[in-house]
Amino acid sequence: MGIALAPAARVSALRDRTPVVTTLCSHSSLQIFYGARHEGLGTLGIAVGKPPRFYEAFPLARPDRFLSLSKVTDLGRHANTLQREGAVVIPTGSFVEYMGPEAFDALDVPVFGNRKVLAWESDREKERQWLEKAEVPMPRKYRDLSSIDGPVIIKYHGAKGGKGFFLAKSPKELGDFRPTGPYVIQEYVVGTRYYLHFFYSPLSEDGYRVRHGSIELLGMDRRDEANIDELYKLGAQEGLRQAGIRPTFVVTGNVPVILRESLLPQVFDLAARIVDTSVDLFGGMVGPFCVEGIVTEDLQFKVFEISTRIVAGTNLFISGSSYSDFIAPHLSTGRRIALELKRARAEDRLSEVLS
Ligand code: ATP
């Protein structure tokens, strides 16, 4: 037996009934519902206001039922109903951000994965401690504005989809910086971005082993970020600044990418260390996670962020990816979540994958 994350009482009802995969109607919900349906599980969509009409266009990914709320933060009040239904909540970036990490953590409904990870992910300082302990190469961190001596990116805490970040090529460009919340200052790494979609199973004894269980690489994407990804079309930065255009990193979409094969040993090694360290720090980051980094011209993968749950880039790979096809056919991250739930239930190990 591995590490129990959920108290026995929270998961006991799920032994006698098929879990109902439940998530917010946003982000990667189509994939999550489609994967659950594929594996014969029930599905429940949490809608703010009326259920979104777009599900009518995608019948195979439409949840069986909806729970309509006037705001996401009301979800806690429906905990009893959700428990009775056999709901298992699948966290997504939007879900946690809209509800707030504290309210999400307090939800008295089984959540897929380890909710303790929230505290480590939503605070960039804590996330850095975790990655440094795992000896993962990261962009250099500056202590304060006065120590900056090169190009930097200044970021706020939490998953804000890159909103409001500030870029400066040199200290003299910091004059316009007006902080709007707690922030960190990182070296701006020049290279190519890759977002690697992993899945950590504490139950699995096959594949790429880590200390407890194994990890799988299910896909990879690069984000399209407005307006930075199109700025080159408008010419040099100086001219843009004069025109009052500031670079921003708001995600607008995703494109599939593939890493040169010789970099795979490096990234699997990093991912395994991140997972093993998470087990030591808080019992393990279970389920999907994304390692987000930049490959420099000397082929070093520098990690600027990890997302500790399903990321929207996985939506590209509903029928599988150039990586997941080597594991099983048609293996999306949504379906992988459903498979893990089914296996945990069959082996009476739900408390190891739920919290
Ligand atoms: P999300 O929640 O969507 O993952 P976020 O608000 O947590 O976003 P990051 O993922 O840390 O923010 O960064 C957003 C974007 O900024 C990245 O996708 C990348 O394009 C760019 N970026 C972040 N850190 C660096 C860095 N150190 N050097 C260069 N670019 C960076």
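Scroll up for the structure.
Since this is a predicted model, take the numbers as computed values, not measurements. (Residues numbered from 1 in each chain as written. Predicted model: local features only at pLDDT ≥ 70, side-chain atom pairs only at ≥ 80, totals over all residues. Heavy atoms only, no water.)

1. What about unusual backbone geometry?
In this chain, Ala226 is followed by Asn227 through a cis amide linkage whose omega measures 0 degrees. In the Ramachandran plot, His27 falls in the positive-phi region, its phi being about 65 degrees despite a non-glycine side chain. Phi at Glu135 takes a positive value of approximately 55 degrees, unusual for a residue other than glycine. Here Glu135 is to be found in the loop between α7 (124–133) and β5 (141–142). (Helix = DSSP H or I, 4+ residues; strand = E, 2+ residues; numbered from the N terminus.)

2. Let's talk about the sheet that holds β5
Spatial strand order, β5-β8-β6-β7: 4 strands in an open sheet with antiparallel pairing. Of all strands in the sheet, those bounded by a partner on one side alone are β5 and β7 (166–168). In terms of strand pairing, β5 meets strand β8 (residues 183–187) through 2 bridges, oriented antiparallel. Directly across from Tyr142, in β8, lies its bridge partner Ile185. (Pairing = 2+ DSSP bridges.)

3. Looking at the packing of aromatic side chains
One pass over the structure, following the stated rule, counts 14 aromatic pairs. A ring pair is formed by Phe165 and Phe249, whose centres lie 6.1 Å apart and whose planes are at 45 degrees; its orientation type is tilted. Highlighted residues: Phe165 in the loop between β6 (152–156) and β7 and Phe249 in strand β12 (residues 249–256), separated in sequence by 84 residues. The exposure class assigned to Phe249 is buried, which follows from its relative accessible area of 9%. Aromatic ring contacts, followed pair by pair, group Phe33, Phe54, Tyr55 and Phe66 into a single cluster. Lying across the ring of Tyr194, Arg222 places its NZ or CZ 4.9 Å from the centre. (Phe/Tyr/Trp six-rings, centres within 6.5 Å; stacked < 30°, edge-to-face > 60°. Buried < 20%, exposed > 50% of the residue type's maximum accessible area, 1.4 Å probe, protein only. Lys NZ or Arg CZ within 6 Å of the ring centre and 35° of its normal.)

4. Observations concerning the packing of α7 against helix α9 (residues 264–282)
Helix-helix packing is characterised by the crossing angle of the two axes and by the distance between the axes. Closest axis-to-axis distance for the α7/α9 pair is 9 Å, and the angle between their directions is 120 degrees. With respect to α9, the axis of α7 lies oblique. Along this stretch, α7 crosses α9, giving a crossing that reads as right-handed. Of the residues in α9, those touching α7 at Trp130, Leu131 and Lys133 are Ile274, Thr277, Ser278, Leu281 and Phe282. Here the contact of α7 with α9 is built from residues that sort into 5 nonpolar, 2 polar and 1 charged. (Axes fitted to C-alpha atoms, helices over the stretch in contact; angles between N-to-C directions. Parallel < 35°, antiparallel > 145°, perpendicular 65-115°, else oblique. Left-handed = near helix turned anticlockwise from the far one by under 90°. Contact = heavy atoms within 4.5 Å. Nonpolar A, V, L, I, M, F, W, Y, C, P; charged D, E, K, R; others polar.)

5. Some details on the sheet that holds strand β4 (residues 87–89)
The strand order across the open sheet formed by 4 strands is β3-β2-β1-β4, and the pairing between neighbours is parallel. Edge strands, defined here as strands with exactly one partner in the open sheet, are β3 (65–69) and β4. The sheet shows a mean angle of 30 degrees between the axes of neighbouring strands, taken without regard to direction. Across the sheet, helix α2 (residues 29–38) is in contact with β1 (20–24) and β2 (42–48); its angle to β1 comes to roughly 175 degrees.

6. Things to note about the pairing of β1
β1 sits mainly inside the fold: 5 of its 5 residues count as buried. Examined bridge by bridge, β1 and β4 share 3 bridges and lie parallel to one another. Residue Val20 lies in a different strand from β4, and its bridge partner there is Ala87. One ladder, built from 5 bridges, connects β1 with β2; its direction is parallel. Bridging across to β2, Thr23 finds its partner in Gly45. Where the polypeptide runs from β1 across α2 and back to β2, its parallel neighbour, the crossover connection is right-handed. (Right-handed = clockwise from strand over helix to strand, strands pointing away.)

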